[in-house]
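The chain contents come next:
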Amino acid sequence: GDAVPAAVRELVGHDHEQFTSFCALDASRLRLFADAVPGLRRWHDDARAAAAAGLAGVVAPDLFPIHAIEAEPGRWPLSQDPGAMGREGVSEVGRNLARRFGFPAHGMVNGGNETEIHSLLRVGETACASSRLVGARVKSGARGGDMLFVTSLNTYTTTTGRLLLRDRQLVVHRNFNAAPPAP
């Protein structure tokens, strides 16, 4: 509708972000991830367990591609703004409209995901991601203020084109048209 900012409306139906990881997934990073997330199967960080499970090698957990995009060092420095959400250095596609259009970062909420897993990222492979904006609408909040609902289809592949996962994500920007808070 007309309440959706024109710049956002123009993106609907188009890829608006594309990233290729700066480096391939390595066993060390995967081991650190597995240490931080309790309950993962051993084939995510142990080559012998992967072989015993009939896998060709260590593989990342199914949702890992969402976090597998490594930006080149210094590409996105962290914000010094006290109200920053800490996502400035993150390469997750489909979540950066606030930064791109100057929306207040403090008003962004993940509205949910629908994810299809197709294959697992292997050690030594490099992940790619793209995000296509598939919908945008504005709704008035119960306590006043407009909310912008944007839906993105995020696709993760390897550099060889093997599909890893598709993620349909809804992000809500509360008071997206409000002036930024005073420092």
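Heads up: these notes are all about the structure in this document.

How each quantity is defined
- Residues numbered from 1 in each chain as written.
- Predicted model: local features only at pLDDT ≥ 70, side-chain atom pairs only at ≥ 80, totals over all residues.
- Heavy atoms only, no water.
- Helix = DSSP H or I, 4+ residues; strand = E, 2+ residues; numbered from the N terminus.
- Buried < 20%, exposed > 50% of the residue type's maximum accessible area, 1.4 Å probe, protein only.
- Areas by Shrake-Rupley, 256 points an atom, 1.4 Å probe, with all protein chains shown as cover.
- Contact = heavy atoms within 4.5 Å.
- Phe/Tyr/Trp six-rings, centres within 6.5 Å; stacked < 30°, edge-to-face > 60°.
- Lys NZ or Arg CZ within 6 Å of the ring centre and 35° of its normal.
- Pairing = 2+ DSSP bridges.
- Axes fitted to C-alpha atoms, helices over the stretch in contact; angles between N-to-C directions.
- Polar contact = N/O pair within 3.5 Å; in protein donor to acceptor, adjacent residues only side chain to side chain.
- Salt bridge = Lys/Arg side-chain N within 4 Å of Asp/Glu carboxyl O.

1. What about the overall build of the protein?
- Of the regular secondary structure elements, the protein holds four helices and five strands.
- Its helices and strands in sequence order give the protein the pattern α-β-α-α-α-β-β-β-β, from N to C terminus.
- Looking at the 183 residues of the protein, the share that counts as buried comes to 36%.
- Approximately 10,300 Å² of the protein is accessible, and the part contributed by carbon and sulfur atoms is 51%.

2. Regarding the environment of A50
- Note on placement: A50 falls in helix α3 (residues 47–52).
- Among the residues examined, A50 registers a relative accessible area of 0% and is labelled buried.
- For A50, the residues in contact, after removing those within four places along its chain, are W43, L55, G57 and V58.

3. Comments concerning the packing of aromatic side chains
- By the definition in use, this model includes one aromatic pair.
- Measuring from ring centre to ring centre gives 4.9 Å for F33 and F64, while their planes differ by 85°; the resulting arrangement is edge-to-face. Taken together, the residues F33 in helix α2 (residues 27–36) and F64 in the loop between α3 and α4 (97–101) connect sequence positions 31 residues apart.
- Taking NZ or CZ as reference, R137 lies 4.5 Å from the ring centre of F149, over its face.

4. Some thoughts on the sheet that holds strand β2 (residues 108–117)
- Taken in spatial order, the five strands make up an open sheet running β1-β3-β4-β5-β2, and their pairing is antiparallel. Only two strands of the sheet have a single partner each, and these edge strands are β1 (15–20) and β2. Each strand axis lies, on average, 20° off the axis of its neighbour in the sheet, ignoring direction.

5. Notes on the environment of D167
- Of note, D167 is situated in strand β5 (residues 163–174).
- Spatially, the C-alpha atoms of D167 and N154 are 5.0 Å apart, while their sequence positions differ by 13 residues.
- The residues touching D167, leaving out its near neighbours within four places in the chain, are R95, N113, E114, T115, S152, L153 and N154.
- Side-chain polar atoms of D167 contact the side chain of T115, separated by 2.9 Å.

6. Structural notes on the side chain of T158
- Considering the arrangement of structural elements, one finds T158 in strand β4 (residues 146–158).
- On the basis of relative accessible area, T158 is assigned to the buried category, the value being 3%.
- Other than its neighbours up to four places away in sequence, T158 contacts L121, E125, T126, C128 and L164.

7. Digging into the pairing of strand β3 (residues 127–140)
- As paired strands, β1 and β3 are joined by five bridges and run antiparallel to one another. Within the sheet, the bridge partner assigned to F19 lies in β3 and is A129.
- Inspection of the sheet shows β3 paired to β4 by 13 bridges, in the antiparallel sense. Across the sheet, G135 pairs through a bridge with T151, a residue of β4.
- Hairpin connection from β3 to β4: five residues lie between these consecutive antiparallel strands, with G144 at a positive phi of about 95°.

8. Considerations on the pattern of salt bridges
- Enumeration according to the criterion identifies seven salt bridges in this entry.
- Measuring nitrogen to oxygen at the nearest pair gives 3.8 Å for the salt bridge that ties D46 to R42.
- A salt bridge links R122 to E125, with the shortest nitrogen-to-oxygen separation between them at 3.5 Å.
- Exposure remark for R122: the relative accessible area of 40% places this residue in the partly exposed category.
- E125 gets classed as buried once you look at its relative accessible area, which sits at 15%.
- Each member of the salt-bridge network shares a partner with another, and the members are R42, D45 and D46.

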